[in-house]
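# Overview (structure and organization)
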Amino acid sequence: MRSRWAIFCTLLMFLAVGIASLAWGGPPSIGSGLPGAANLTPQQRSNIREYAGYWCDQLASSGQDDVAKVRRNLVEPLRAPRVRDVFRYEYAQAALPQLQEIISGDNPLTAVNAMLVVGFLGTERALETIVDHCDIEDEPRFHVRLWAAKALVIAIGQGSIADRDVNRALRRLGHAAGREEKWLILRRQFQALASVNGPVSREVQLSVLSSTTDRMMHSGIVPCELMQAVYPALKRMRDDLIVLGRDEQQSFGRVLAPVLCDICSVAQAHWDSAQDDLVAKIAYGGAVQISESMLQLIDPELRPGQRAPKTALGRAWKDRDEPRFSADHDKWQSIIAKPPYKQP
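Nothing here was measured: the structure is a model prediction, and the numbers come from that model. Every residue gets a number counted from 1 within its own chain, in the order that chain's sequence is written. Reporting of local features is limited, given that this is a predicted model, to residues whose pLDDT is at least 70; pairs of side-chain atoms are given and counted only at 80 or more, and all residues count toward the totals for whole chains, interfaces and linings. Remark: hydrogens and water are excluded; side-chain values derive from all non-hydrogen atoms of the structure.

## Quick look at the side chain of Gln-249
The criterion, for reference: Secondary structure elements are defined from DSSP: runs of H or I of at least 4 residues count as helices, runs of E of at least 2 residues count as strands, and each element is numbered from the N terminus. For each residue, the accessible area found with a 1.4 Å probe, counting protein chains only, is set against the maximum for its type, and the residue is called buried under 20%, exposed over 50%, and partly exposed in between. In what follows, a contact means two residues having at least one pair of non-hydrogen atoms within 4.5 Å.
For Gln-249, the position within the fold is in helix α12 (residues 246-269). With a relative accessible area of 12%, Gln-249 lands in the buried category. Once you skip the residues sitting within four places of it in the chain, Gln-249 turns out to touch Leu-241, Ile-242, Leu-244 and Glu-301.

Right under this line is the structure:
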């Protein structure tokens, strides 16, 4: 009998604590079913606003030990098996203003976590907020620009943003990437652009690759660290090029080939300094090898019946054989300077 009485008292204690916690301002539950509801009642909308407001307040004041938990609570409703637009819109309306304030605040930890949450909101306005923090001319903070690129991938991955808005964001990101000075951020931005499959993505990636190549050639910083972003970007572009249909492969290859040749020109111009730097030697060498392999893939399609030059730019770079590199590079430059690459 005493044991049953002890259990009963314990249950009463837990119940009292739970009721007290609700009275002290804990967030209402919005449940796993609410995100998938076709319509929302006024009370449900109120609960959504209270839930988002509570956890945004917690995020603003969270520290190293609890920030991950708070972020998970903010993201959890958006990871439900089915999230309808009506819920996503209501939740984003409630959370986004506070998250924007946190991102603009002085705490780097809460700023990057708020940026990630914005990505999961998956609305047009959330996407605009992310892109607003991608450009070095508007956002000087390294950590925010870095995580904005990651958040952009998350936002687009929600599948809830119209294609026209995604394409607009890609073009804005492309303008930002064309000015980015930090290789790690540029690498993330290239990844974000490549996360979308389509002609606009390819167009923007090519534009950024071209402008970055020009900046490397004229930056006066030798070797240029931006090559550490260009190298992995080229690998993704190669993979995309291989799976394109023939017509798309030809049209894209025609404008891509001159840029690939220019990348090899950067390696030639930075030869000694890049060869003497272990990190640069790997990045430059990898970029040269992939550029050459893509040129060898593109050229037979654009000049049928004519033999593509047999070159070994990648091997010449690895062996530090500058005369061989220059001779092979001249072969490609001669071809790229004529139709169909260069229009008369």
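## Side note on the confidence of the model for the protein
For the record, the criterion: Confidence of the prediction at every residue is given by pLDDT, a number between 0 and 100.
On average, residues of the protein score 92 in pLDDT, and 92% of them are at 70 or above. Across residues 1-24, confidence stays below pLDDT 50; counting only partners more than four residues off in sequence or on other chains, it has one contact.

## Digging into empty space enclosed by the protein
Threshold: Only protein atoms enter the 1 Å grid, on which a cavity is a set of points fitting a 1.4 Å probe that cannot get out and a pocket is an open set with protein on both sides within 12 Å along at least 5 of 7 lines, lining residues being those with an atom within 4 Å of a point. Grid points are joined across faces, edges and corners, and a volume is the space filled by probe spheres set on the points. Gly counts as polar in this scheme, as do all residues outside two lists: the nonpolar Ala, Val, Leu, Ile, Met, Phe, Trp, Tyr, Cys and Pro, and the charged Asp, Glu, Lys and Arg.
All told, the structure shown has one cavity of 30 Å³ or more when counted by the stated rule. Taken as a whole, the largest cavity holds about 50 Å³ of empty space. For the lining of the largest cavity, the element with the most residues is helix α8 (residues 163-177), which contributes four residues. Along the lines of polarity and charge, the residues of the lining of the largest cavity split into two nonpolar, no polar and five charged.

## Description of the state of the cysteines
Stated formally: We call a pair of cysteine sulfur atoms a disulfide whenever their separation is within 2.5 Å.
Evaluation of the coordinates by the stated rule reveals zero disulfides. No disulfide involves Cys-224; its sulfur sits 16 Å from the nearest other cysteine sulfur, which is in Cys-264. By relative accessible area, Cys-224 is classed as buried at 9%. This cysteine, Cys-264, is not joined by any disulfide, and Cys-261 carries the nearest cysteine sulfur, 6.2 Å off.

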